[in-house]
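# A structural walkthrough
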Amino acid sequence: MRERGENVEYKEPTFVLFGLEFSYTIVFMVTVTAVITFLIAYLGARNAHTGKPTGMQSFMEWVIDFIRNQASSVMEYRSNQLIFLALAFIMFIFVGNMLSIPFKITTTNDYILWKAPTSDPHVTLTLSLTVIVLCNIIGIRLVGIKEYFLHWVRPLWQLPLHIVEEFAKTLTLGLRLFGNIFAKETLASLLSHAGSASILGAVLVAVPTIAWHAFGIFVGAIQAFVFTILTLSYIASKIETNH
């Protein structure tokens, strides 16, 4: 994938596997995101006990309670499996969104080595496609295959609308996340270029850069939350067929 900065076209090192081209940068950043997410979850559950929670356990319990409360606002059916699925999504996406703060690493020949993986549409659309597939699998498991497919054809004229809706959900869920994080990184890159041009430029953009990175943390958190809540609402639409 190529990105354009201020008079610069950035590239990513790639490799070919099974006839498909992959970005080393994206594979590495997704792996880093997964490892960090796992470590946070592991540290939060390593010494879990039934007494008063402290440290990482307290943090993880707060996040889980937060997701439970939000889930109750979008769906009637709730289970630990769905809560932990939502927990995995919100943690992975939040960590991924944060990896480009406060910097993005590029080489002297304009190759990107470090960036937020969620600023790449391949990653976000893969996440959204995963959500849609999971929603349908969960729907079939919980309501039964007969009731699930009756929901699609009841009434029959809505079948094409349901099909279009699935494609629309996939695109909007993935592109919303990509657009916000990509915009965050693009403006941060422009500020960085302006600051590196001269000492005066560095002084002038210092405050805007700090403010933008602070806003980037807010945007990253909001987008992780929105993605997760929409995931739960999509699941609810599959298992609560009377709505």
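Residues numbered from 1 in each chain as written. Predicted model: local features only at pLDDT ≥ 70, side-chain atom pairs only at ≥ 80, totals over all residues. Heavy atoms only, no water.

Next up on the list: the overall build of the protein chain. Scanning the protein chain for helices and strands turns up 7 helices and 6 strands. Starting at the N terminus and walking to the C terminus, you meet the elements of the protein chain as β-β-β-β-α-α-α-β-β-α-α-α-α. When the 243 residues of the protein chain are sorted by exposure, 39% land in the buried category. Counting every atom, the protein chain has about 13,700 Å² of accessible surface; 70% of that belongs to carbon and sulfur. (Helix = DSSP H or I, 4+ residues; strand = E, 2+ residues; numbered from the N terminus. Buried < 20%, exposed > 50% of the residue type's maximum accessible area, 1.4 Å probe, protein only. Areas by Shrake-Rupley, 256 points an atom, 1.4 Å probe, with all protein chains shown as cover.)

Between its terminal C-alpha atoms helix 2 (residues 55-72) stretches 26 Å, which fits the 26 Å expected from 18 residues at 1.5 Å a residue. Those residues of helix 2 not exposed but buried are Gln57, Met60, Val63, Ile64, Ile67 and Ala71. Along the axis of helix 2, the buried positions cluster into a sector of 130°, meaning they face one direction only. Opposite the packed face of helix 2, turned more than 90 degrees from it, sit the exposed residues Gly55, Trp62 and Asn69. (Expected span 1.5 Å × (residues − 1). Arc of directions from axis to C-beta.)

Time to look at the pattern of salt bridges. For the structure on display, the rule yields 2 salt bridges. The salt bridge involving Glu165 is made with Lys169; its shortest N-O contact spans 3.7 Å. Taken together, the residues span about one helical turn, with Glu165 and Lys169 both in helix 6 (residues 159-197) at a distance of 4 residues. Among the salt bridges present, the one from Glu166 reaches Lys238, with a minimum N-O distance of 2.8 Å. Placement of Glu166 in helix 6 and of Lys238 in helix 7 (residues 199-239) is noted, with a sequence separation of 72 residues between them. Here Glu166 and Lys238 have matching classes, each one buried. (Salt bridge = Lys/Arg side-chain N within 4 Å of Asp/Glu carboxyl O.)

On to the nonpolar core, then. Core analysis: the largest hydrophobic core is formed by 34 residues, its most contacted members being Leu127 and Phe227. If near-sequence neighbours (up to four positions away) are discounted, Leu127 is found in contact with Phe89, Phe92, Ile93, Leu177 and Phe227. (Core = buried A, V, L, I, M, F, W, Y, C linked by side-chain atoms within 4.5 Å. Contact = heavy atoms within 4.5 Å.)

Turning our attention to the packing of aromatic side chains. For the structure on display, the rule yields 10 aromatic pairs. With 6.2 Å between their ring centres and 65° between their planes, Phe28 and Trp114 make a pair best called edge-to-face. In this pair, Phe28 sits in helix 1 (residues 24-45) while Trp114 sits in strand 6 (residues 112-114), placing the two residues 86 residues apart along the sequence. Where Trp212 meets Phe215, the ring centres are 5.4 Å apart and the plane angle is 40°; that geometry is what we call tilted. Taken together, the residues span about one helical turn, with Trp212 and Phe215 both in helix 7 at a distance of 3 residues. A relative accessible area of 22% places Trp212 in the partly exposed class. What links up through ring pairs into an aromatic cluster is the set Trp62, Phe66 and Phe225. (Phe/Tyr/Trp six-rings, centres within 6.5 Å; stacked < 30°, edge-to-face > 60°.)

The next subject is the pairing of strand 3 (residues 14-17). One ladder, built from 4 bridges, connects strand 3 with strand 4 (residues 20-23); its direction is antiparallel. Along strand 4, the bridge assignment pairs Leu17 with Leu20. Between strand 3 and strand 4, which pair antiparallel and follow one another directly, the connecting turn spans 2 residues, one of which, Phe18, has a positive phi of 55°. (Pairing = 2+ DSSP bridges.)

Within the fold, His162 resides in helix 6. Note on His162: relative accessible area 14%, which makes it buried. Leaving out residues up to four positions away in the same chain, His162 has contacts with His151 and Trp152.

Taken together, the side chains of Val35, Phe38, Leu39, Tyr42, Leu43, Met56, Phe59 and Trp62 define a hydrophobic patch exposed on the protein surface, amounting to about 800 Å² of accessible area. Secondary structure elements with two or more residues in the nonpolar patch: helix 1 and helix 2. Along the chain, the position of Met56 falls in helix 2. (Patch = residues over 30% accessible without salt bridge, like charges linked within 9 Å, V, L, I, M, F, W, Y side chains within 5 Å.)

Take the environment of Pro13 next. By the element assignment, Pro13 lies in the loop between strand 2 (9-10) and strand 3. Apart from the residues lying within four places of it in its own chain, the contact partners of Pro13 are Phe22, Ser23, Tyr24, Thr25, Tyr111, Ile112 and Leu113.

That is the geometry; function is a separate question.
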